[in-house]
Structure formats: structure tokens, C-alpha cells
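Each chain, letter by letter, is given below.
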Amino acid sequence: MAPDAHPPRSPLRWLDAPWIDPAWAIRAFDRQLAVDPFGLRVHTAIGALWCLFLGAPISPSQLAGIPLAAAFLIRIHRHWATFLRLIIQPPMLLILLWSAWAALSLLWSPDPSLGFDQASSVRWFAAIVCLWPVVQRRALLLAAMTIGIALGQLGQVGHAIGTAFDVDWLVRPRLPGRNSGWWFPVVGGSILTAALGLHLPAAVWGRGKWRTLGIAGCLCTIAGIAATGTRGAWIASAALVLIVGVAAGWRAARWRGLALACAAATLLIVVAGTAAWTLGGQSLRDRVSLARVEITSALRDGEYNSDTGARIAMAGWAVAAFAEHPLSGTGSGGYRRWVEDRLRSRGIDPATRSIHDHAHNALLHTAATAGLPGLAIAAAFIVCVLRGAARRQPGDGPPGYADGPFWALLGLLLVSAFDVVHINAQTSALLGALVFFSLPWRPPPPEPAA
């Protein structure tokens, strides 16, 4: 039988933006380089500076977006043609659809003010638009982002020094025994879990200096995650290490290699956990013991006012909210008010309970506030960006680190089981940057001048 001349196409092919004409798009980038090489270099430098500031405190991160937006607007007559091939890519269309649904849900939200505040985190995805004209230098931008997060850990180093030597101006106001530098502990744990995803592939299957750099990055990042005291980040990071180990074995294309990689990953988790437990001091051990006590008290005695107990309660209320409003959700920002109303209907004063603005779980919070339509959009978005990040293209970066955005996105996905990463400003900014590196169609770097 003759081979099929028209083999079946994957039903996911639309996620790869097959409607983009690469030749036409590349010509638009070549034209930009030809007519404005100096402006392109300045725009690239400003874009790298913004990526570097992703590891900074939130205020400098926001201020760094001003010159980036200005560069985009000032040069818009030079790069507008490149922009046309960005807005039709599936992740961008899904972001617009999500924004529209979130805005529409404000109509039935019992707290539209909080809803607007939470939905406005989507503003960080505007960075994708502002960075797009310099996407051919994404290897440089990726390096700047990785270095920026590493520099962010200087805040942790400063806090440790200040605590040890009573230098008050170096000490950040954090809970006792927790060191997240200038980040909030939960935010720091989420950011560093993503950073671990950036370093792991270089450490595991990188080459030469990139492997050495990746190993050093992993060790520093794991130490930083342990210091934050964020238990959700500990669990997510351990899972990420194990998954990377499985992927390394899969790349070896041998079951023996897979088994060895899994064993090595498990050993790394055990060694890292033991080192953190031994060297991290009593504070880390207290965090583990406290979690065990709080979980037992919540499930056995119904005590939900503790830190962990409240998170369990918030997850349960999110499931109940979704069950009551499966199609519409409570609306953006409506989760807390919905919980308070349900407590009052049961004769319980909300002031006697620990109630949070979100469910501490991105999936459950999306289900509770955005319903099935929001879940469908979010699922399509996750599949789309992970698929785009998994496809290596020329110009993505050095060996190992070119795979970093995929694993960093996976790290954020894992830690989203404990944190609503898409409504927090700093993790939203990092998510936007990672989506930029994961767009389905990315132009190759420019040809070197003859």
C-alpha cells in the first residue's frame, strides 16, 4: 500500500500558529534592523534591564516598565509590522479572551473593586508586547532575567548577615525564622521555584561551563527556597527535581538511564532535604512540625484559623463556590465576599474565621471565580505555552538554559497548587516574561553582517 500522501494532522496544530508566514514576518524584523539599528540596540538594552529587575522588589520592577513602554511607543513607527505577527499568536488571543471574561465577570462580582485589583495583574502581560520587537535577542533577555532573580537572592544574603550581626538596616520585616529577602515569603518561594526550573536543565544536560553554572544556580536556589520557609515551594521544588530527573532518563532513551535518573533525582531531593534540615536551624524544623500539627487540628478538630488550616478551609470553600456557580463563578474578586456570605447564612460571624482574598490554589481559585469558561481558557493557555516552550528554536539560548523557560513554567504550575500566581504582581510579571520566551512562533536571530 502506498504511503498516505496526507498524513493526519495533530488536533493541537492550531496552537503552533500555522497561519503565520515566517518569511513575511522575518522580513519585518530585517526591515526594522535596517532602518533603525541604533534604536533597536537601545530598545534591547532597556528590555534587558526590565528582565533584570524581575528579581527586584515590586516597586522598582514596576518603575522599570516605564522606560520599556516608552521605548516601544517611541519606536512604534519602526516596528509596527513585527507587531502584526504577535497579536495573532494563540497565547496572546487567549490572554485577550481571559481579560474579556474577567472584566465581564465584574458585572456579577459581589466585590468589583477587589475584582478589578486582581484582574489588573494581567497588565504585566503587556511586557510581551513591549519586548516583542527585540525578540530576536531573547537569549540576552533570558540571561538578564536569570541573573536578575539570582541578584534578588542578595536580599536573602543581606537579611542573613543583618540577623547574624545585628545590622538593622539589612534585616527585612519577616516572620520569625523566615528569610525571603525583599520578597514576601510565599512570593519568594514561587519565584525561586521558577528559577530552579531555569537552572535544572543546564545542570542536568547542559555542557561545559553551562553545566557548571547550572549546578551552582541549583544549589543557591535550593538554599534560597529552604530559607523562605515556604512549605508549598519546598514540595513543588522537590516535585520539579524529580520530574527533571525523569526527563533526563527519557532523553537517554534507555530504561536503565530512566531508572538511574529517577534514583539520582530522588537522592538529590533526600540530600538537599537533609542538608536543609540539618543546616537550616530549628526554624525549618519548626515549620515542618507546625504544618503537621495544623493539618491534624484542621482535619480532626475542625480548627481552621491556623495558617495551614485556613488554606485547607479556603480550598474547600472554593470547591463549594464552583459547585454553586459552575458556569459563571463568583466573578473576579468575589471569592472572599461569597465565603463571608455563606458563613453568615450558617450563623457564623466571619470575623471569627481566618478568611483570605483567594483560595491559595490557582486552579481552585479560577474555578471559583471564573467558572468553567475560565477553567477552559486557563487550560488552553497552559497547554499552549508549555507546548511553545518545549519546542527549541534557533536563538533561544545556550545548551540547557534554552530549555529553562519550559521548566520554569512547570515550576510555577506546580507551585500554583499553593499560591494563586496569576493575581500576584511579582509572579504575574515573571509569568508574563516566561510566556514571552514560549510563544509558538519566534523569529531566528538576525543574520550576521557580511
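Residues numbered from 1 in each chain as written. Predicted model: local features only at pLDDT ≥ 70, side-chain atom pairs only at ≥ 80, totals over all residues. Heavy atoms only, no water.

### Some details on the overall build of the protein chain
Scanning the protein chain from terminus to terminus reveals 19 helices and zero strands. Counting the 450 residues in the protein chain, one finds 48% classified as buried. Pairs at least 24 apart in sequence give 76% of the contacts found in the protein chain among residues at least 6 apart. Approximately 21100 Å² of the protein chain is accessible, and the part contributed by carbon and sulfur atoms is 70%. (Helix = DSSP H or I, 4+ residues; strand = E, 2+ residues; numbered from the N terminus. Buried < 20%, exposed > 50% of the residue type's maximum accessible area, 1.4 Å probe, protein only. Contact = heavy atoms within 4.5 Å. Areas by Shrake-Rupley, 256 points an atom, 1.4 Å probe, with all protein chains shown as cover.)

### Digging into the environment of Ile58
Among the structural elements, Ile58 can be located in helix α3 (residues 58-74). Separated by 368 residues in the primary sequence, Ile58 and Gln426 have C-alpha atoms spaced 6.3 Å apart. If near-sequence neighbours (up to four positions away) are discounted, Ile58 is found in contact with Trp124, Ala425 and Gln426.

### What to know about the packing of helix α10 (residues 185-205) against helix α19 (residues 425-436)
At a closest axis distance of 9 Å, the pairing of α10 and α19 adopts a crossing angle of 20°. Comparing the axis directions of α10 and α19 gives the class roughly parallel. With respect to the hand of their crossing, α10 and α19 are arranged in left-handed fashion. Each of Val187, Ser190, Ile191, Ala194 and Leu198 in α10 lies in contact with α19, whose residues at this interface are Gln426, Thr427, Leu430 and Leu434. When the residues that make up the contact of α10 with α19 are grouped by side-chain class, the tally is six nonpolar, three polar and no charged. (Axes fitted to C-alpha atoms, helices over the stretch in contact; angles between N-to-C directions. Parallel < 35°, antiparallel > 145°, perpendicular 65-115°, else oblique. Left-handed = near helix turned anticlockwise from the far one by under 90°. Nonpolar A, V, L, I, M, F, W, Y, C, P; charged D, E, K, R; others polar.)

### Some words on a nonpolar patch on the surface
Where nonpolar side chains cluster on the molecular surface, the patch consists of Ile147, Leu151, Leu154, Val157, Ile161 and Phe165 and spans about 580 Å² of accessible area. Looking at the nonpolar patch, the elements with two or more residues in it are α8 (138-152) and α9 (154-165). Considering every element that reaches the nonpolar patch, the biggest residue donor is α9, with four residues. With respect to the secondary-structure elements, Ile161 resides in helix α9. (Patch = residues over 30% accessible without salt bridge, like charges linked within 9 Å, V, L, I, M, F, W, Y side chains within 5 Å. Salt bridge = Lys/Arg side-chain N within 4 Å of Asp/Glu carboxyl O.)

### Thoughts on the packing of aromatic side chains
Evaluation of the coordinates by the stated rule reveals 10 aromatic pairs. Ring geometry for Phe29 against Trp132: centres 5.7 Å apart, planes inclined by 70°, an arrangement best described as edge-to-face. In this pair, Phe29 is assigned in helix α1 (residues 22-35) and Trp132 in the loop between α7 (126-131) and α8, connecting sequence segments 103 residues apart. By relative accessible area, which is 1% here, Phe29 ends up buried. (Phe/Tyr/Trp six-rings, centres within 6.5 Å; stacked < 30°, edge-to-face > 60°.)

### Looking at the state of the cysteines
A full pass over the atoms with the stated rule returns zero disulfides. Lacking any disulfide linkage, Cys218 is separated from the closest cysteine sulfur, that of Cys220, by 9.6 Å. (Disulfide = S-S within 2.5 Å.)

### Some thoughts on the nonpolar core
With 76 residues, the main nonpolar core has Trp50, Ile128, Leu141, Met145, Ile149 and Leu434 as its most contacted residues. If you tally residues by element for this core, the top one is α10, at 10 residues. Residue contacts for Leu434: discarding those within four places in its chain leaves Met145, Leu198, Pro405, Ala408, Leu409 and Leu412. (Core = buried A, V, L, I, M, F, W, Y, C linked by side-chain atoms within 4.5 Å.)

### Describing the side chain of Gln426
Locating Gln426 in the fold gives a position in helix α19. Relative accessible area serves as the criterion here: at 8%, Gln426 is assigned to the buried category. Here Ala56 takes part through its backbone oxygen, which lies 2.8 Å from a polar atom of the side chain of Gln426. (Polar contact = N/O pair within 3.5 Å; in protein donor to acceptor, adjacent residues only side chain to side chain.)

### A short note on α1
Every α-helix carries 3.6 residues per turn, so stepping three or four residues along brings you back to the same face. Its 14 residues give α1 an end-to-end C-alpha distance of 20 Å, which sits within 8% of 20 Å, the value for a rise of 1.5 Å per residue. What α1 keeps buried is the set Ala25, Ala28, Phe29 and Gln32. Down the axis of α1, the sector holding all buried residues measures 90°, keeping them to one side. Close packing links the buried residues of α1 with α2 (37-52) and α4 (76-83). (Expected span 1.5 Å × (residues − 1). Arc of directions from axis to C-beta.)

### Some details on the pattern of salt bridges
Should the charged atoms of two oppositely charged side chains come close, the side chains can pair. This model, assessed by the stated rule, comprises 10 salt bridges. Residue Arg75 is joined to Asp36 by a salt bridge in which the shortest nitrogen-to-oxygen separation is 2.9 Å. With Arg75 in the loop between α3 and α4 and Asp36 in the loop between α1 and α2, this pair connects stretches of sequence that are 39 residues apart. Two residues, Arg344 and Asp341, come together in a salt bridge whose shortest N-O distance is 3.1 Å. Taken as a pair, Arg344 and Asp341 lie in helix α16 (residues 335-345) at a separation of three residues, close to a single helical turn. For Arg344, a relative accessible area of 47% translates into the label partly exposed. One salt-bridge network, held together by shared partners, links Arg138, Arg392, Asp396, Asp403 and Arg442.

### A few points about the layout of surface pockets
Within this model, the largest pocket holds a volume of roughly 740 Å³. Every residue lining the largest pocket is counted, 36 residues in all, and those nearest its centre are Thr366, Ala378, Phe381, His422 and Leu431. Of all the secondary structure elements, the ones that give two or more residues to the lining of the largest pocket are α5 (90-105), α6 (112-119), α17 (362-390) and α18 (404-415). With 14 residues, the single largest contributor to the lining of the largest pocket is α17. By residue class, the composition of the lining of the largest pocket is 25 nonpolar, 11 polar and no charged. In this structure, the second largest pocket occupies an estimated 590 Å³ of space. Taken together, 27 residues form the lining of the second largest pocket, with Phe184, Val186, Val187, Asn424 and Ala425 sitting closest to its centre. If you list the elements that add at least two residues to the lining of the second largest pocket, you get α3, α6, α10 and α19. Here the lining of the second largest pocket is built from residues that sort into 13 nonpolar, seven polar and seven charged. (1 Å grid on protein atoms, 1.4 Å probe; cavity = no way out; pocket = protein on both sides within 12 Å on 5 of 7 lines; lining within 4 Å. Points joined across faces, edges and corners; volume = space filled by probe spheres on them.)

Nothing here speaks to function; it is geometry throughout.
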